[in-house]
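As a plain string of letters, each chain reads:
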Amino acid sequence: MSGGRRKEEPTSHPQQHLVANGGGGALKSSLWGKALRSDSAWEDKDEFLDVIYWFRQIIAVILGVIWGIVPLKGFVGIAIFCLINAGVLYLYFSSFQQIDEEEYGGTWELTKEGFMTSFALFLVVWIIFYTAIHYD
């Protein structure tokens, strides 16, 4: 041997590598494509629950910024957030996607999917923006 390092051959095929990494960008773009198309077919229940979870997080950030800028305070802001968050997601899965709620454990299970995480995110964003803009 010449003292150089021997190049190791990869043990997996590129297609297996994509699957191990979650399918790459093509899978994620098709997932969001399905999420934004009306009446999509969801073979994997976890994919749809992930879409609901991440939509909630997006709603939480948007409403937190708006509530901080407007300046909403107290229980009214929290109550309006809860109504908008639950209402928008309910309309999304019942009217836009038209899924059978019973396949996912009922309407209540879908309505509360990721709610507490989005509520905590909403509070953090709301407090940061309100404090940055309106604190004397």
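Numbering of residues starts from 1 in every chain and runs along the sequence as written. Per-residue local features of the predicted model are confined to residues with pLDDT of at least 70, and side-chain atom pairs are confined, for both listing and counting, to 80 or more; whole-chain, interface and lining totals are unaffected and use all residues. By convention in this description, side-chain values take in all heavy atoms of the structure and omit both hydrogens and water.

A word on the overall build of the protein chain
Here comes step 1: Helix and strand counts for the protein chain stand at six helices and zero strands.
Here comes step 2: Helix and strand assignments follow DSSP, with helices taken as H or I runs no shorter than four residues and strands as E runs no shorter than two, numbered in order from the N terminus. What you see in the protein chain, going N to C, is helices and strands ordered as α-α-α-α-α-α.
Here comes step 3: Among the 136 residues that make up the protein chain, the fraction classed as buried is 29%.
Here comes step 4: By the convention used here, residues are in contact when the closest approach between their heavy atoms is within 4.5 Å. Once local pairs closer than 6 in sequence are excluded, the contacts in the protein chain between residues at least 24 apart make up 71%.
Here comes step 5: If you sum the accessible surface of the protein chain, you get close to 9300 Å²; carbon and sulfur atoms cover 63% of it. Only protein chains enter the area calculation, which uses a 1.4 Å probe; residues under 20% of their type maximum are buried, those over 50% are exposed, and those in between are partly exposed. In short, Shrake-Rupley with a 1.4 Å probe defines the accessible areas, and a residue's cover is counted only from the protein chains shown.

Focus on unusual backbone geometry
Here comes step 1: For the bond running from Val-70 to Pro-71, omega is -25 degrees, close enough to zero to count as cis.
Here comes step 2: Locating Pro-71 in the fold gives a position in the loop between helix H3 (45-69) and helix H4 (74-96).
Here comes step 3: At Gln-98, a residue that is not glycine, the phi angle is positive and equals roughly 50 degrees.
Here comes step 4: Tracing the chain through its elements places Gln-98 in the loop between H4 and helix H5 (107-112).

Considering the pattern of salt bridges
Here comes step 1: Any Lys or Arg side-chain nitrogen found within 4 Å of a carboxyl oxygen on Asp or Glu counts as a salt bridge. In this structure the tally under the stated criterion is three salt bridges.
Here comes step 2: Between Glu-47 and Lys-34 there is a salt bridge, with its nearest N and O atoms 3.4 Å apart. Taken as a pair, Glu-47 in helix H3 and Lys-34 in helix H2 (residues 24-36) lie far apart in primary sequence, 13 residues in all.
Here comes step 3: Of the residues examined, Glu-47 reaches a relative accessible area of 21% and is grouped as partly exposed.
Here comes step 4: What emerges from the salt-bridge pattern is a single network uniting Lys-34, Glu-43 and Glu-47.

Examining the packing of H3 against H4
Here comes step 1: Throughout, an axis means a line fitted to C-alpha atoms (over the contacting stretch in the case of helices), and angles, computed between N-to-C directions, take values from 0 to 180 degrees. Running from N to C, H3 and H4 cross one another at 145 degrees; their axes reach a closest spacing of 10 Å. As for the relative orientation of H3 and H4, their crossing is right-handed in sense. On H4, the residues touching Phe-48, Val-51, Ile-52, Phe-55, Arg-56, Ile-59, Ala-60, Leu-63 and Trp-67 of H3 are Gly-77, Ile-80, Phe-81, Ile-84, Asn-85, Ala-86, Val-88, Leu-89, Tyr-92 and Phe-93.
Here comes step 2: Considered class by class, the residues forming the contact of H3 with H4 number 16 nonpolar, two polar and one charged. Note: crossing handedness is left-handed where the near helix turns anticlockwise from the far helix by less than a right angle, and right-handed where it turns clockwise. Residue polarity is assigned by list, with Asp, Glu, Lys and Arg as charged and Ala, Val, Leu, Ile, Met, Phe, Trp, Tyr, Cys and Pro as nonpolar; anything else, Gly included, falls into the polar class.

Quick word on the UniProt feature "transmembrane region" (unreviewed entry) in the protein chain
Here comes step 1: UniProt positions are given in the numbering used here, feature names are shortened, and annotations may be inferred rather than shown by experiment. As annotated in UniProt, the feature "transmembrane region" (unreviewed entry) corresponds to residues 51-69, 75-93 and 114-133 in the numbering used here.
Here comes step 2: Counted over residues 51-69, helix gives 100% and strand 0%. Its end C-alpha atoms are 27 Å apart.
Here comes step 3: Counted over residues 75-93, helix gives 100% and strand 0%. Its end C-alpha atoms are 27 Å apart.

Side note on the side chain of Arg-56
Here comes step 1: Tracing the backbone through its elements, the reader meets Arg-56 in helix H3.
Here comes step 2: For the buried Arg-56, no salt bridge exists, and the shortest N-O distance to an oppositely charged side chain is 7.5 Å, to Glu-113.
Here comes step 3: A polar atom in the side chain of Arg-56 sits 2.3 Å from the side chain of Asn-85.
Here comes step 4: With residues up to four places along the chain from it excluded, the contact list for Arg-56 reads Asn-85, Ala-86, Leu-89, Leu-110, Thr-111, Lys-112, Glu-113, Gly-114, Phe-115 and Ser-118. For the charge count, each Lys or Arg is scored as positive and each Asp or Glu as negative, with His and the chain ends excluded. Counted as a polar contact is a pair of N or O atoms within 3.5 Å, where, for protein atoms, one must be capable of donating a hydrogen and the other of accepting one, and residues adjacent in sequence contribute only when both atoms are in side chains.

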